[in-house]
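Close look at the chain arrangement
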Amino acid sequence: MKQYTIGIIGYGGMAVYHQERLIRDPRLRLAGVSDIDPARCDLARAHGLRVYDSNEALLADPGVDLVLVATPNHFHHDLSVAALEAGKHVVCEKPVAMDSAELLSMMDCARRTGRVLTIHQNRRRDADFVLVRDALRSGRLGRPFSIESRVLGSRGVPFGWRCHKLAGGGMMLDWGVHLVDQVLQMIPEPVVSVYAQLFSIHTPEVDDAFKLFLRFESGVTALVEVGTLHYLSLPRWFVCGDRGTLQVDDWSCRNRLVRPRDEAVTWEEEILFTKAGPTKTMAPRSSASLEEETLEAGDVDFAQFYTDLLDHLEGKAPLAVTPDEALRVMQVMEAAFRSQETGQAIPDRI
Ligand code: NAD
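Here's a quick rundown of the structure. (Residues numbered from 1 in each chain as written. Predicted model: local features only at pLDDT ≥ 70, side-chain atom pairs only at ≥ 80, totals over all residues. Heavy atoms only, no water.)

**Section: the site of the ligand**
- The environment of the ligand is formed by 25 residues, the closest being Met14, Asp35, Asn73, Lys94 and Asn122.
- For the ligand, a nitrogen atom lies 2.9 Å from a polar atom in the side chain of Asn55.
- At 3.4 Å, a side-chain N or O of His178 approaches an oxygen atom of the ligand.
- Along the lines of polarity and charge, the residues of the shell around the ligand split into 9 nonpolar, 10 polar and 6 charged.
- When residues of the shell around the ligand are sorted by domain, at least three fall in each of domain 1 (4-120) and domain 2 (126-301 + 331-347). (Near = heavy atom within 4 Å. Polar contact = N/O pair within 3.5 Å; in protein donor to acceptor, adjacent residues only side chain to side chain. Nonpolar A, V, L, I, M, F, W, Y, C, P; charged D, E, K, R; others polar. Domains from an automatic or database assignment.)

Shown next, in the form of structure tokens:
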């Protein structure tokens, strides 16, 4: 069994998560870490890890095959390029770069050096996402026409670099990059229009909430919403097809899929009188005309990320997260920023 070693640049919260939960494949060993903050270096030593004197020292170690770049976002490009140039394969944390120009430069470097560049888009494994994606693929909802994906918190943007534009802060680059990636995985069509509203309520430099509307080629739309100042929440997913509606409440995957039993809409009453007055269109269906099921959520193994990557390095599997996919996500987010600036929907073909 061939052994691989990985070095981590940036030993912050996410790096510890990789160390403790993700680097599990028996073929992979953690060589050590580098960080510019002496306190984080001390912590790494306390965790029994080798600490390199500098990022350069880590990259110069011929025993390191792969590098995880887990620094704040504005260092991703330069560190990934340096690692690729040093002959290492690179796993870059999301967002892979500050913009598509940076990502294209990283992709060019990967091509030139013949090394693999991949991105830790781990939320493709989230149980709620997999449940919705598979429900759509199964045709249970009929033809989808609207997908709503929301993550609403109430604690504001975390302090530190995430509040600063220069460092690539803000919710679009933080959570948007996951949720856009998910809907692009779900709907295998070009995005033809992007409209976004970004809010900077408590953090003036960056967005602490946003609403993003995507229209795909066939007309299906996705609303992606992230909030950090929402004291009540809405369902994690609300997905409408012409033969069913699926609601997934939260990360626990509590869900309901409701479908009509019969093909034709039946109007049982001429007019329904409600507290809000009379209505025909919005009169609820009889429960007998509907069927409801709960979809089973699968198990999640986030450590599979490295197994897939090592399988790819051994020629056994395609790369699970490609830079081209990350480029599409980046282009959608850039269109969202342009939409915010202009107040217009941005027509495109992404
Ligand atoms: P963090 O602030 O906890 O850690 C960043 C670490 O990088 C710090 O220890 C800092 O000292 C170090 N650092 C900064 N500049 C450096 C440099 N030039 N060279 C070496 N070390 C440097 O941040 P975090 O929450 O761990 O986030 C790190 C990255 O991981 C970000 O890109 C973030 O978007 C990403 N992240 C991804 C997920 C996910 O679900 N995939 C979740 C959280 C964070």
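Here the narrative resumes.
**What about the packing of aromatic side chains?**
- As enumerated under the stated definition, the model contains 3 aromatic pairs in all.
- Considering the side-chain rings of Trp175 and Trp251, the 5.9 Å spacing of their centres and the 25 degrees angle between planes classify their relative orientation as stacked. Of this pair, Trp175 sits in helix α7 (residues 171-186) while Trp251 sits in the loop between β11 (244-248) and β12 (255-260); the two residues are 76 residues apart in sequence, bridging distant segments of the chain.
- Since its relative accessible area comes to 19%, Trp175 is described here as buried.
- Under the relative-accessibility criterion, Trp251 is labelled partly exposed at 49%. (Phe/Tyr/Trp six-rings, centres within 6.5 Å; stacked < 30°, edge-to-face > 60°. Helix = DSSP H or I, 4+ residues; strand = E, 2+ residues; numbered from the N terminus. Buried < 20%, exposed > 50% of the residue type's maximum accessible area, 1.4 Å probe, protein only.)

**Remarks on the sheet that holds strand β15 (residues 290-293)**
- Spatially, the 9 strands line up as an open sheet ordered β15-β12-β11-β10-β6-β9-β8-β7-β16, and their pairing is mixed. Sheet topology places β15 and β16 (346-347) at the edges, where each strand pairs with a single neighbour.
- Where strand β6 (residues 144-152) lies against strand β9 (residues 221-227), 7 bridges are found, and the strand directions are parallel. Looking across to β9, one finds that Glu148 is bridged to Leu223.
- On top of the sheet, helix α6 (residues 127-138) reaches β6, β10 (237-241), β11 and β12; it is set at about 175 degrees to β11, its chief contact.
- Each of β6, β7 (191-199), β8 (209-216), β9 and β10 is contacted by α7, which is oriented at about 25 degrees to β8, the strand it contacts most. (Pairing = 2+ DSSP bridges. Contact = heavy atoms within 4.5 Å. Axes fitted to C-alpha atoms, helices over the stretch in contact; angles between N-to-C directions.)

**Side note on helix α4 (residues 76-85)**
- In terms of burial, α4 is a largely internal element, 7 of the 10 residues being buried.
- Of all the residues in α4, the buried ones are His76, His77, Leu79, Ser80, Val81, Ala83 and Leu84.
- Next to the buried residues of α4 lie β1 (4-9), α3 (55-60), β3 (66-69), β4 (89-93) and α5 (100-113).
- Trailing α4 by a residue or two, Gly87 shows a phi angle of about 90 degrees, which is positive.

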